[in-house]
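Residue strings, one per chain:
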Amino acid sequence: EPFLINDEIFTCLNSFEKIRAFLDKGTSLYELFGYSDATLATLYKTAYKIAEERRFQDGYDAYFFIVTIAPHIRDAWLNIGYTLCQLGEHLTGVEAFGRAFELDPTNADSYLASIGAYNKYGSLEKSHDICNLGIKIAEQNKDADWAPELERRLQEAKRYLQQVGG
């Protein structure tokens with residue numbers, strides 16, 4: 001599916017007011033551009049392949065495009081954070097991990113990515129804080145089906161942090 005913007009979409013884009021009205025309805029830019037979920041999946045696979053090839057700046061750019069047009073894709077936020085960390089931008093990477101956390105606070109990946117980034121940045125205290133936050137959320141929701149796995153993974157991370165830095 002080509003990534004072209006057709007004349008009908010250009011008509012819709014001819015004023016900021018029309019764009020704002022479209023977005024205020026809760027529609028994402030990818031829908032405005034006429035991209036399908038299959039197109040988003042193709043974009044994501046391409047971005048993943050680029051990052052897998054260790055072309056981190058290009059991978060960041062690809063994931064940034066994805067979250068710009070479809071900000072609800074948690075894994076794209078995680079991978080923006082990953083590419084930023086690979087580029088030495090650990091604290092900015094943590095911001096992207098935070099957005100992934102906001103989209104799904106029940107998934108351990110966002111916590112673990114933040115813990116790793118803070119650990120590499122040299123902020124063991126922040127890593128512990130993230131562990132404790134996730135464990136607290138899991139404990140507060142102990143009856144939820146996701147809570148035991150979240151707590152288990154974060155307890156493992158906490159033990160690791162204690163081994164490497166106290």
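Parameters at a glance
- Residues numbered from 1 in each chain as written.
- Predicted model: local features only at pLDDT ≥ 70, side-chain atom pairs only at ≥ 80, totals over all residues.
- Heavy atoms only, no water.
- Helix = DSSP H or I, 4+ residues; strand = E, 2+ residues; numbered from the N terminus.
- Buried < 20%, exposed > 50% of the residue type's maximum accessible area, 1.4 Å probe, protein only.
- Contact = heavy atoms within 4.5 Å.
- Areas by Shrake-Rupley, 256 points an atom, 1.4 Å probe, with all protein chains shown as cover.
- Salt bridge = Lys/Arg side-chain N within 4 Å of Asp/Glu carboxyl O.
- Axes fitted to C-alpha atoms, helices over the stretch in contact; angles between N-to-C directions.
- Parallel < 35°, antiparallel > 145°, perpendicular 65-115°, else oblique.
- Left-handed = near helix turned anticlockwise from the far one by under 90°.
- Nonpolar A, V, L, I, M, F, W, Y, C, P; charged D, E, K, R; others polar.
- Expected span 1.5 Å × (residues − 1).

Visitor: I'm lost on the overall build of the protein in this one. Help?
Guide: A count of helices and strands for the protein gives 10 helices and 0 strands. For the protein, the sequential pattern of α-helices and β-strands runs α-α-α-α-α-α-α-α-α-α. By the burial criterion, 39% of the 166 residues in the protein qualify as buried. Put simply, of all contacts in the protein between residues at least 6 apart along the chain, 50% involve residues at least 24 apart. Carbon and sulfur atoms form 52% of the exposed surface of the protein, whose accessible area is close to 9900 Å².

Visitor: Where do I start with the pattern of salt bridges in this structure?
Guide: Opposite charge on two side chains permits them to pair, given that their charged atoms come into close proximity. Enumeration over the complete set of coordinates arrives at 7 salt bridges. Residues Asp58 and Arg55 are paired through a salt bridge, measuring 3.3 Å at the closest nitrogen-oxygen approach. Measuring nitrogen to oxygen at the nearest pair gives 2.5 Å for the salt bridge that ties Arg152 to Glu156. In this pair, Arg152 and Glu156 are both assigned in helix H10 (residues 147-165), 4 residues apart and thus about one turn of the helix distant. A residue is classified by how much of its surface remains accessible, and Glu156, at 40% relative accessible area, is partly exposed.

Visitor: Got a minute to help me understand the packing of helix H5 (residues 56-69) against helix H6 (residues 74-86) in this structure?
Guide: Helix-helix packing: each pair is described by the crossing angle between the helix axes and the interaxial distance. At a minimum axis separation of 9 Å, H5 and H6 run at an interaxial angle of 155 degrees. Between H5 and H6, the interaxial angle falls into the category roughly antiparallel. Crossing handedness for the pair H5 and H6: left-handed. Counted together, Phe56, Gly59, Tyr60, Tyr63, Phe64, Ile66 and Val67 of H5 and Ala76, Trp77, Asn79, Ile80, Tyr82, Thr83, Leu84 and Gln86 of H6 form the full contact between these two elements. The residue inventory of the contact of H5 with H6, partitioned by class, reads 11 nonpolar, 4 polar and no charged.

Visitor: Just checking my understanding: could you explain unusual backbone geometry for this structure?
Guide: The phi angle at Arg54 is positive, at roughly 65 degrees, despite the residue not being glycine. As for its position among the elements, Arg54 is in the loop between helix H4 (37-52) and H5. Overall, Arg54 belongs to the exposed group, its relative accessible area being 57%.

Visitor: Would you mind showing me how to read the side chain of His90 here?
Guide: If you trace the backbone, His90 turns up in helix H7 (residues 90-103). Residue contacts for His90: discarding those within four places in its chain leaves Leu84, Cys85, Ala117, Lys120 and Tyr121.

Visitor: Explanation requested: H7 in the structure shown.
Guide: Because each turn of an α-helix spans 3.6 residues, side chains separated by three or four positions in sequence point in the same direction. Taking 1.5 Å per residue, 14 residues should reach 20 Å; H7 reaches 20 Å between its end C-alpha atoms and fits that length. On its buried side, H7 packs onto H6 and helix H8 (108-121).

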